[in-house]
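Descriptive structure summary
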Amino acid sequence: MSDRALRIAVGGLAALGVAIAAYLAYTRYTETTIACTTGGCEVVQRSEYAELFGIPVVVLGLGAYVFLLGTALFTIELARLSGAVAAVSGALFAGYLLVAQLFLIDAVCQWCVASDVVIALLAVACVLRLRPA
């Protein structure tokens, strides 16, 4: 797969991640009920795991997705490497949060799981961008 195709994939996935995170941030700050079919979204969003050092995890995710979107705009090695580091780190953190949902919070947020899938796909695409051209 060409770097151009991977950049398009990273850009599209990151934009989807921005949309998910922006929606969750909006609901958090406006105290709007989250559209949720699992019934666990509100529980997860209000849990102790929804913040890291006082910063809402959704805000961290939004920042990460915006950063990854930015890396898709560049072909230089620094953009590829920083994108891969950010995406893999994000996927690992998302895995931790998924375990927290399943075993510690005992509730599942469909939006969080969707974001987990997006960041996992982004990690794959960003790591593939590291291959020599």
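For the structure, see preceding data.
Below you will find a few notes about this structure.

How each quantity is defined
Residues numbered from 1 in each chain as written. Predicted model: local features only at pLDDT ≥ 70, side-chain atom pairs only at ≥ 80, totals over all residues. Heavy atoms only, no water. Helix = DSSP H or I, 4+ residues; strand = E, 2+ residues; numbered from the N terminus. Rg over C-alpha atoms; globule rule 2.2 N^0.38 Å. Buried < 20%, exposed > 50% of the residue type's maximum accessible area, 1.4 Å probe, protein only. Contact = heavy atoms within 4.5 Å. Areas by Shrake-Rupley, 256 points an atom, 1.4 Å probe, with all protein chains shown as cover. Lys, Arg positive; Asp, Glu negative; His and termini not counted. Charge placed at Lys NZ, Arg CZ, Asp CG, Glu CD. Core = buried A, V, L, I, M, F, W, Y, C linked by side-chain atoms within 4.5 Å. 1 Å grid on protein atoms, 1.4 Å probe; cavity = no way out; pocket = protein on both sides within 12 Å on 5 of 7 lines; lining within 4 Å. Points joined across faces, edges and corners; volume = space filled by probe spheres on them. Nonpolar A, V, L, I, M, F, W, Y, C, P; charged D, E, K, R; others polar. Disulfide = S-S within 2.5 Å.

**Focus: the overall build of the chain**
Looking only at helices and strands, the chain features five helices and two strands. The helix and strand sequence of the chain, counted from the amino end, reads α-α-β-β-α-α-α. A compact globule built from 133 residues would reach a C-alpha radius of gyration of about 14 Å, and the chain, at 15 Å, matches this within 12%. Sorting the 133 residues of the chain into buried and exposed places 35% on the buried side. Taking all contacts inside the chain whose residues are at least 6 apart in sequence as the whole, residues at least 24 apart take part in 74%. Carbon and sulfur atoms provide 71% of the accessible area of the chain, an area that totals close to 7400 Å². Distance between charge centroids for the chain: 17 Å, based on 7 positive and 8 negative side chains.

**So, the nonpolar core**
Counting residues in hydrophobic clusters, the biggest one holds 29 residues, and the most contacted among them are Leu 68 and Leu 122. Breaking this core down by element, the ones donating at least two residues are α1 (3-30), α2 (41-45), α3 (57-71), α4 (77-105) and α5 (110-128). Residues within four places of Leu 122 in sequence aside, it is in contact with Val 10, Leu 13, Ala 14, Tyr 65, Leu 68 and Ala 87.

**Things to note about the layout of surface pockets**
Volume-wise, the largest pocket comes out at about 530 Å³. Lining the largest pocket are 29 residues, with Val 57, Gly 61, Phe 93, Leu 97 and Ser 115 positioned closest to its centre. Taken together, the elements giving at least two residues each to the lining of the largest pocket come down to α1, α2, α3, α4 and α5. The element contributing the most residues to the lining of the largest pocket is α4, with 10 residues. Within the lining of the largest pocket, the residues separate by chemical class into 21 nonpolar, seven polar and one charged.

**A look at the state of the cysteines**
Under the counting rule described, the total for this entry stands at one disulfide. Cys 36 shares a disulfide with Cys 41; S-S distance 2.3 Å. In this structure, the disulfide formed by Cys 36 and Cys 41 twists by about 75° around the S-S bond and is classed as right-handed. Exposure remark for Cys 41: the relative accessible area of 0% places this residue in the buried category. Of all cysteine sulfurs, the one in Cys 112 lies closest to Cys 109, which takes part in no disulfide; the gap is 3.0 Å. Among the residues examined, Cys 112 registers a relative accessible area of 15% and is labelled buried.

**A few points about empty space enclosed by the protein**
One pass over the structure, following the stated rule, counts one cavity of 30 Å³ or more. For the largest cavity, the calculated volume is near 40 Å³. Taken together, Thr 27, Arg 28, Thr 32, Ile 34, Glu 42, Gln 45 and Arg 46 make up the lining of the largest cavity. Grouping the amino acids of the lining of the largest cavity by side-chain chemistry returns one nonpolar, three polar and three charged.

Remember that the coordinates give geometry; whether it matters functionally is a separate question.
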